[in-house]
Amino acid sequence: RQPYRLRYKLGNIYEGDGYKFIGRGLKQTTGRNNYTDLNNVYPLAWPGENLNFLEHPELLETPKYAVRSAIAFWKGKKLYELADKGFNANTRVMNKATNSYPQRRANFSTTIKIFR
């Protein structure tokens with residue numbers, strides 16, 4: 001069972017929300033609040049697609065919506081504005097509930113070496 005503060009932050013307020021809103025998609029959208037945000041942002045990018053990710057969170061398990069959920073998050077949080085400001089700027093938005101900066105920095109450094 002998740003600690004209360006984490007359940008509250010994720011918006012998991014009903015019994016079973018933790019399981020229903022597990023991490024899915026390329027960005028691992030997790031929690032009722034993040035699925036609600038996806039519901040609000042998604043139609044801005046793909047108008048006319050009347051989807052409800054709260055009612056059908058399993059959609060994020062399909063390749064199409066796994067990718068689109070990540071794009072919607074990127075656009076909704078305006079991460080494109082932070083992308084050129086360095087590694088920690090985006091990490092503060094995407095992973096604000098963690099203290100994993102040193103490990104993320106190490107992983108990033110390894111990734112840069114691989115792609116050079």
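So, here's what we can say about the structure. No experiment lies behind these values; they were computed from the predicted model shown. (Residues numbered from 1 in each chain as written. Predicted model: local features only at pLDDT ≥ 70, side-chain atom pairs only at ≥ 80, totals over all residues. Heavy atoms only, no water.)

**Concerning the pattern of salt bridges**
In plain terms, the rule: For this analysis, a salt bridge means a side-chain nitrogen from Lys or Arg found within 4 Å of a carboxyl oxygen belonging to Asp or Glu. In this description a helix means any DSSP run of H or I spanning at least four residues, a strand means any run of E spanning at least two, and both kinds are numbered starting from the N terminus. Partly exposed describes any residue whose relative accessible area lies between the buried limit of under 20% and the exposed limit of over 50%, with all areas from a 1.4 Å probe on protein chains only and scaled to the type maximum.
Within the structure shown, the criterion is met by three salt bridges. One salt bridge connects R32 with D17, and the closest N-O pair in it is separated by 2.8 Å. Here D17 lies in helix α2 (residues 17-20) and R32 lies in helix α3 (residues 32-45), a separation of 15 residues in the sequence. Here the two residues R32 and D17 agree in accessibility, since each one is buried. A salt bridge links E61 to R24, with the nearest nitrogen and oxygen atoms 2.8 Å apart. Here E61 is found in the loop between α3 and α4 (63-76), whereas its partner R24 is found in the loop between α2 and α3, with 37 residues between them in sequence. Among the residues examined, E61 registers a relative accessible area of 54% and is labelled exposed. On the basis of relative accessible area, R24 is assigned to the buried category, the value being 10%.

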